[in-house]
Amino acid sequence: MQSMDQAAGLKIMMRQAMSANMAGTENQGVTSTGVFNSRSRTRVIAVAGGKGGVGKTCVSVNLGMTLSMAGHDVMLLDADLGLANIDVLLGLQPVYNVSHLLEGKCQLEDLILKAPHGLKIVPATSGTRRMAQLSSVEHASLIRAFDEYPQPPDFMIIDTAAGISDSVTQFAAAADEVIVVVCDEPASLTDAYALIKVLSRECDVQRFQVVANMVRSAEEGRGLFEKLSRVTQRFLDATLVYMGMVPHDEHLRQAIRRQKAVVDASPGARASLAFKNLAKAADKWETSVSRQGRIGFFAQNTLSDMETPA
Ligand SMILES: Nc1ncnc2c1ncn2[C@@H]1O[C@H](COP(=O)(O)OP(=O)(O)OP(=O)(O)O)[C@@H](O)[C@H]1O
Ligand SMILES: [Mg+2]
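All of the points below concern the structure found in this document. (Residues numbered from 1 in each chain as written. Chains lettered and ligands numbered in written order. Predicted model: local features only at pLDDT ≥ 70, side-chain atom pairs only at ≥ 80, totals over all residues.)

1. A word on the site of ligand 1
Spelled out, the test is: What makes a residue near a molecule or strand is its C-beta atom, placed from the backbone, lying within 6 Å of it. Helix numbering and strand numbering both begin at the N terminus, where a helix is a DSSP run of H or I of at least 4 residues and a strand a DSSP run of E of at least 2. Side-chain classes follow a simple rule in which Ala, Val, Leu, Ile, Met, Phe, Trp, Tyr, Cys and Pro form the nonpolar group, Asp, Glu, Lys and Arg form the charged group, and the remainder, Gly included, forms the polar group.
Contacts to ligand 1 come from 19 residues, most closely from G52, K56, T57, C58 and A162. Where the shell around ligand 1 is concerned, the elements lending two or more residues are α2 (56–69), β9 (207–215) and α10 (250–257). Counted by class, the shell around ligand 1 contains 8 nonpolar, 7 polar and 4 charged residues.

Below, the structure is given as structure tokens:
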């Protein structure tokens, strides 16, 4: 594929600046805490894990769909930009994907796919090495492209790639909450630790929600969290919160073969009940993390836009 130059990203940024100017101040309202955009705030959640294959995509899809089923407006970004697979997992056929958005060939509205229960999917490409190697300017312009979307959702979930590349750290730093998915494998714990280390030391992310996936019991899930938490507390300045566990469940694999989310295909399965608990936890999260000075999704309706009235 021919190399995309940074001009494409800059073009998107310019369009955003123009539409922000045109929007003026008519959408503003006043609360006891300050002046803000009248639309409610989007809660942005990045799902990461360090190691490949621990269940990041399964958690992203099923958490997103459970929140949709509960009546929330949810958008799910496939941020595994070079090896995207959410569309395949859900049996969707994208016409456009984020590479077209970056090249200025379409608008965000053109590429959003509707999955069951109204879940909005933003698909990416698979097998395109170039997309897995975007510059930080290109990542930033991709994040800013969401500013133009007229209906910011209640939740934005970002399914990140394996590893600790700039792509993963930039998307995680743009989120309000970072979910770290771990499973019972030594490499999963060491990779999760490496991810938390990089994000806390280099990207100013201090709080992590841990999900123990593919566990055989509640005790095993809690035990995994405690192992990770002990080592993190000793060496890093980061807070780990146990979000919950998802059991190893054959229903989940069967749902994947049918190109469905398990919460849709088998709502009574143990994994589906676990995803409901995760969604309940996410629904309670306060949006207290300040995004001041950070590049964030839907920046025009974030807390960082608030100003305290005189
Ligand atoms: N709770 C579970 N029970 C049973 N199998 C599971 C569970 N979670 C994940 N899996 C299996 O693990 C596989 C990998 O999951 P998934 O694609 O979500 O991992 P990932 O972390 O996103 O991988 P990658 O790093 O490649 O993006 C799934 O295809 C599924 O077969
Ligand atoms: Mg994945």
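Next comes the rest of the account.
2. Regarding the environment of L224
Here is the rule we go by: Partly exposed residues are those whose C-beta has more than 12 but fewer than 20 other C-beta atoms within 10 Å; 20 or more makes a residue buried and 12 or fewer makes it exposed, with C-beta atoms placed from the backbone.
The topology assignment puts L224 in helix α9 (residues 218–235). Take L224: there are 24 C-beta atoms within 10 Å of it, and that puts it in the buried class. Distance in space between the C-alpha atoms of L224 and N213 is 9.7 Å, their sequence separation being 11 residues.

3. Examining unusual backbone geometry
The phi angle at H117 is positive, at roughly 65°, despite the residue not being glycine. Along the chain, H117 falls in the loop between β5 (113–114) and β6 (120–122). When the 17 C-beta atoms within 10 Å are taken as the criterion, H117 is described as partly exposed.

4. What to know about the pairing of β9
Convention followed: Two strands form a pair only when DSSP identifies at least two bridges running between them. For a crossover, the right-handed case is the one in which the path from the first strand over the helix to the second runs clockwise, viewed with the strands pointing away from the viewer.
In terms of burial, β9 is a largely internal element, 8 of the 9 residues being buried. Where strand β8 (residues 177–182) and β9 come together, 5 bridges link them in parallel fashion. Within β9, the position partnered with V178 by the bridge is F208. For the crossover that starts at β8, traverses helix α8 (residues 186–202) and ends in the parallel β9, the hand is right-handed. With 8 bridges joining them, β9 and strand β10 (residues 239–247) adopt parallel strand pairing. By the bridge assignment for β10, V210 is matched with Y242. Crossover β9 to β10 through α9 is right-handed.

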